[in-house]
Amino acid sequence: MKKWIIGVIVAVLALGVYVGLRRTPGRTSGRVQVVTSGYVPYTLARQIGGEWVDVTQLLPPGAEPHGFEPTPGSMVAVHRADVFLYVSDRLEPWVKDVLGASGKRTRTVELAQGVSSGDDPHVWMDFGSAVEMARTLTDTLALADPAHAADYRANLALLERDIAVLDRDFARVLASCKHQEIVHIGHLAFGALARRYKLSLTALAGTSHEGEHSARKLADLVKQVRGKNIPALFTEDAVSPRLAEAVAAETGAEILPLYTVEHVSKNDFNNGVTYVELMRRNLDSLQRGLVCEK
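The following refers to the structure shown.

Analysis parameters
- In this numbering scheme, every chain counts its residues from 1 along its sequence in written order.
- Reporting of local features is limited, given that this is a predicted model, to residues whose pLDDT is at least 70; pairs of side-chain atoms are given and counted only at 80 or more, and all residues count toward the totals for whole chains, interfaces and linings.
- In computing side-chain values, all of the structure's heavy atoms are included and hydrogens and water are not.
- Following DSSP output, two strands are said to pair if at least two bridges run between them.
- Elements are defined by DSSP. Helices are runs of H or I of four residues or more, strands are runs of E of two residues or more, and each kind is numbered from the N terminus.
- Axes here mean lines fitted to C-alpha atoms, for a helix over just the part in contact, with angles spanning 0 to 180 degrees between N-to-C directions.
- Residues are treated as being in contact if the distance between any of their heavy atoms lies within 4.5 Å.
- Should a side-chain nitrogen of Lys or Arg be within 4 Å of a carboxyl oxygen of Asp or Glu, the pair is scored as a salt bridge.
- Each residue gets one of three labels from its accessible area relative to the maximum for its type: buried under 20%, exposed over 50%, partly exposed in between, using a 1.4 Å probe on protein chains only.
- Pairing of aromatic rings covers Phe, Tyr and Trp, the last counted by its six-membered ring, and requires centre-to-centre distances within 6.5 Å; plane angles under 30 degrees mean stacked, over 60 mean edge-to-face, and any other angle means tilted.
- Counted as over-ring charges are cases with an Arg CZ or a Lys NZ within 6 Å of the ring centre that also lie within 35 degrees of the ring normal.
- The set of buried Ala, Val, Leu, Ile, Met, Phe, Trp, Tyr and Cys residues whose side-chain atoms join them within 4.5 Å is what this entry labels a nonpolar core.

### Brief notes about the sheet that holds strand E6 (residues 200-203)
Across the sheet, four strands lie side by side as E6-E5-E7-E8; this open sheet has parallel pairing. On the outer flanks of this sheet lie E6 and strand E8 (254-257), each paired with one strand and no other. Neighbouring strand axes in the sheet, compared pairwise and without regard to direction, differ in orientation by 35° on average. Against the sheet, helix H8 (residues 215-228) touches strand E5 (181-185), E6 and strand E7 (232-235), its axis set at about 150° to E5. Along the sheet, helix H9 (residues 241-251) contacts E5, E7 and E8; its crossing angle with E7, the most-contacted strand, is approximately 175°.

If you want it as structure tokens, here you go:
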């Protein structure tokens, strides 16, 4: 990040202190001020924090987290926060640019630290890893606000229960599928999910959207879908629908949505759709596309 931008940020922060724009440690709202990188920590923090936290996220709704470029406003928000939550340096390499602007009283936590994921940064797609991240988040809120630690842990227990039910439903439904291959016209966001339920996964791009969507890759997918008589393709909002439509036109396969959770539509954001709700949608799509029993 350019030195002049850092200088502007420092000046803005200094001005904020002078005119009273920056919050005092007393938190006049009475709630913990939480800033998150993107939607995964955002939705978990809202569910666990409940009425005792104010949560904002840096990414605009629909923005792709891998290549986000933070603004001076992003850095000011992190500096003013009580807690800053992000998934990992691997998923969000830009976080290093905002950490330099964090205040001394800002608790900064990498939720996926210590979670086993290999080369795949989409750790929340494994329900066991999602629970680990939620527990780390709960511990962080409890430290920042000990008076409501019991409330945070009660909300965590409810989330753990919902995820356990979801995990059982995934295991039951996906064990009955006629097809076991997910063909995803998007990036490799669902590898952890596929591994957990012993499915295979083919994606158009790698673990980010930076890969080239070449005519050769599309032709290979068409050949694969035809050769294996695959009935459905899966896609995501961050990828142009024309790509899936091109493969579907050549194969007759149905197009169904999958939700990465790392970014959501503006409508879903405004409605506060939860992690469990998005994963339930994924199960519905997989059940239909892989031809599974109900």
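Additional details are given in the paragraphs that follow.
### Side note on the pattern of salt bridges
Where side chains of opposite charge bring their charged atoms close, a pairing between them can arise. Throughout the structure, instances matching the rule amount to 15 salt bridges. Here Arg 161 ties to Asp 162 by a salt bridge, and the two come within 3.2 Å at their closest N and O atoms. Between Arg 280 and Asp 169 there is a salt bridge, with the nearest N and O atoms lying 2.9 Å from each other. One end of the pair, Arg 280, is in helix H11 (residues 275-289); the other, Asp 169, is in helix H6 (residues 149-174), and 111 residues separate them in sequence. Looking at Asp 169, the relative accessible area reads 16%, which means it is buried. Counted as one network, the salt bridges with shared partners bring together Asp 126, Asp 167 and Arg 196.

### Comments concerning the packing of aromatic side chains
According to the stated counting rule, one finds nine aromatic pairs in the structure shown. Measuring from centroid to centroid gives 5.4 Å for Tyr 39 and Tyr 42, while their planes differ by 35°, and the two rings are tilted. Here Tyr 39 and its partner Tyr 42 are both found in helix H2 (residues 39-49), three residues apart, which amounts to about one turn of the helix. In terms of burial, Tyr 39 and Tyr 42 fall into one category: buried. It is Arg 281 that lies over the ring of Tyr 259; its NZ or CZ is 5.0 Å from the centre.

### Some remarks on the environment of Thr 108
Here Thr 108 is to be found in strand E4 (residues 107-110). Owing to a relative accessible area of 33%, Thr 108 belongs among the partly exposed residues under this scheme. For the pair Thr 108 and Phe 84, spaced 24 residues apart in sequence, the C-alpha separation works out to 4.7 Å. For Thr 108, the residues in contact, after removing those within four places along its chain, are Phe 84, Tyr 86, Leu 99 and Ser 102.

### Remarks on the nonpolar core
Core analysis: the biggest nonpolar cluster contains 62 residues, and Trp 124, Phe 170, Leu 174 and Tyr 275 have the highest contact counts within it. Not counting residues up to four positions away in its chain, the partners in contact with Phe 170 are Phe 127, Leu 193, Tyr 197, Met 279, Asn 282, Leu 283 and Leu 286.

### Observations concerning the sheet that holds strand E2 (residues 53-57)
The strand order across the open sheet formed by four strands is E2-E1-E3-E4, and the pairing between neighbours is parallel. Where the open sheet ends on each side, the last strands, each with one partner, are E2 and E4. In this sheet, adjacent strand axes meet at a mean angle of 20° when their direction is disregarded. In the sheet, strand E1 (residues 32-36) pairs with strand E3 (residues 83-86) via three bridges, with the strands oriented parallel. If you follow Thr 36 over to E3, its bridge partner there is Leu 85. The sheet strands contacting H2 are E1, E2 and E3, and the helix crosses E2 at an angle near 170°.

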